[in-house]
Amino acid sequence: MAETAIKSLVKTEILDRNFFVKSEGQTLMLPLIRNPTRFEIDELRKLVPEASSGTEDFEPRTRHPRTLDGALAERISPSLLSSLPRSFDVVGDITVLQLDSDLAAYETSIAEAIMEVHPNVRAVFAKSGDVSGTERIRPLRHIAGENRTKTIHKEHGCFFRVDLSKVFFSPRLSTEHQRIAQKVDKGERVVDMFAGVGPFSILIAKRLDDVRVEAIDANPQAVELLRENFTHVASRVIMNHPSASKDFIKEACEALHPTGGLIHYYTFAGSNWEADSRNELERGVEESGYIAERVFGIHRVREVAPMKWQVAVDLRVVPRP
């Protein structure tokens, strides 16, 4: 009869969902938001003859706030709420965020609020510098939660072990990883020149049985067992290192099959992003002694600063006759 009683109390809008239901033997006790009227009790007894009302203590439910603004409404002045970060990176169970200077005094409260709104988050770090060096590592500063940078991140059915203090990884590129993986056909040989922990390589290898992927990176912490040298017979090369890809265009061309292949090129560009990124790649290909035969697509992946984007260029390259 419990389900019947609950439905009746929901219909009359007097069931209190802020508390847990209690049971003792065959008796079920349901919390109400107020004392029921005589009419409400009579109506309930038509459905559940043994129903009665009384006084009982109930255990409150722990309710997580749904938004960051809601969680911080009583901790931060309303004038600063508009400065809260509207997006942040979540890698596995770790959140990485960037705060404006005027919120520095409230960073602990903000980090704790993020963990309240997102119960799966166990640690919060702040960006304390830019991605730099050949290993593309970003300095991080621990704010709240567990003080660890190792986690397991799930993306498109693949699991990646990541240590954010030692390797580069951006969950914002998830859509781009999927886009490239879906372009690869059976029988191809792919070279991932800046593989990191392998979000392009592993997704491609998982999707196709008949494919060979060579994963390369300058950071031994990132590639671990994927250090094998590649041979120059790739049908496709992925160059996901926007700040340095232009310095390796020649090596990308040389990694392709003697008949040519595709380059997925990533770079940073400003307001004239389409022309600048295309010209940068085509010029590098021509200077390397190859021909930029056809551009299959150019699009902005994400904004990295005001009027500055990460841009992807898909280009077919062939050797000079």
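Read on for a plain summary of the structure. Here the structure is a predicted model, which is why all the values come from computation and not from measurement. (Residues numbered from 1 in each chain as written. Predicted model: local features only at pLDDT ≥ 70, side-chain atom pairs only at ≥ 80, totals over all residues. Heavy atoms only, no water.)

Looking at helix α5 (residues 107–117)
- The complete set of buried residues in α5 reads E107, I110, A111, A113, I114, M115 and V117.
- On its buried side, α5 packs onto α3 (68–72), β4 (94–97), β5 (123–127) and β6 (140–145). (Buried < 20%, exposed > 50% of the residue type's maximum accessible area, 1.4 Å probe, protein only. Helix = DSSP H or I, 4+ residues; strand = E, 2+ residues; numbered from the N terminus. Contact = heavy atoms within 4.5 Å.)

Structural notes on the pairing of strand β9 (residues 189–192)
- Across four bridges, β9 lies against strand β10 (residues 212–215) in parallel orientation. What sits directly across from V191, in β10, is E214.
- The β-α-β motif built from β9, the intervening helix α7 (residues 199–207) and the parallel element β10 has right-handed crossover chirality.
- Note that β9 and strand β11 (residues 236–239) share three bridges and pair parallel. (Pairing = 2+ DSSP bridges. Right-handed = clockwise from strand over helix to strand, strands pointing away.)

What to know about the side chain of D16
- Counting through the fold element by element, D16 comes out in the loop between α1 (2–11) and β1 (22–24).
- Side-chain polar atoms of D16 contact the backbone nitrogen of N18, separated by 3.0 Å.
- Those residues in contact with D16, other than ones at most four positions away along the chain, are P31, L32 and I33. (Polar contact = N/O pair within 3.5 Å; in protein donor to acceptor, adjacent residues only side chain to side chain.)

Observations concerning the environment of N240
- Mapped onto the elements of the fold, N240 is located in the loop between β11 and α9 (249–255).
- Residue classification places N240 among the buried residues on the basis of a relative accessible area of 7%.
- Taking the C-alpha atoms as reference, N240 lies 8.1 Å from D192; in sequence the two are 48 residues apart.
- Not counting chain neighbours up to four residues away, the residues in contact with N240 comprise R136, L173, F194, F200, Y266 and Q310.

Thoughts on a nonpolar patch on the surface
- Taken together, the side chains of I6, V10, V21 and L28 make up a nonpolar region of the molecular surface, amounting to roughly 260 Å² of accessible area.
- Take L28: its relative accessible area is 37%, and that puts it in the partly exposed class. (Patch = residues over 30% accessible without salt bridge, like charges linked within 9 Å, V, L, I, M, F, W, Y side chains within 5 Å. Areas by Shrake-Rupley, 256 points an atom, 1.4 Å probe, with all protein chains shown as cover. Salt bridge = Lys/Arg side-chain N within 4 Å of Asp/Glu carboxyl O.)

Structural notes on the packing of helix α6 (residues 174–183) against α7
- Relative to each other, α6 and α7 sit at 40°, their axes nearing to 9 Å. Taken together, α6 and α7 sit at an angle that is classed as oblique. Every pair of crossing elements has a handedness; the one defined by α6 and α7 is right-handed. Within the contact between the two elements, α6 uses E176, H177, Q178, I180, A181 and Q182 and α7 uses P199, F200, L203, I204 and R207.
- Taken together, the residues of the contact of α6 with α7 break down into six nonpolar, three polar and two charged. (Axes fitted to C-alpha atoms, helices over the stretch in contact; angles between N-to-C directions. Parallel < 35°, antiparallel > 145°, perpendicular 65-115°, else oblique. Left-handed = near helix turned anticlockwise from the far one by under 90°. Nonpolar A, V, L, I, M, F, W, Y, C, P; charged D, E, K, R; others polar.)

Some points on the packing of aromatic side chains
- Counting across every chain of the model gives three aromatic pairs.
- Aromatic pair F160 and F169: ring centres 6.2 Å apart, planes at 40°, arrangement tilted.
- Relative accessible area serves as the criterion here: at 2%, F160 is assigned to the buried category.
- Classification of F169 as buried rests on a relative accessible area of 9%. (Phe/Tyr/Trp six-rings, centres within 6.5 Å; stacked < 30°, edge-to-face > 60°.)

Overview of the pattern of salt bridges
- For the coordinates displayed, the defined rule picks out 17 salt bridges.
- With a closest N to O distance of 2.8 Å, E40 and R34 form a salt bridge.
- A relative accessible area of 16% means that E40 is categorised as buried.
- One continuous salt-bridge network, built from bridges that share partners, spans D93, E146 and R148.

Just distances and angles here, no functional claims.
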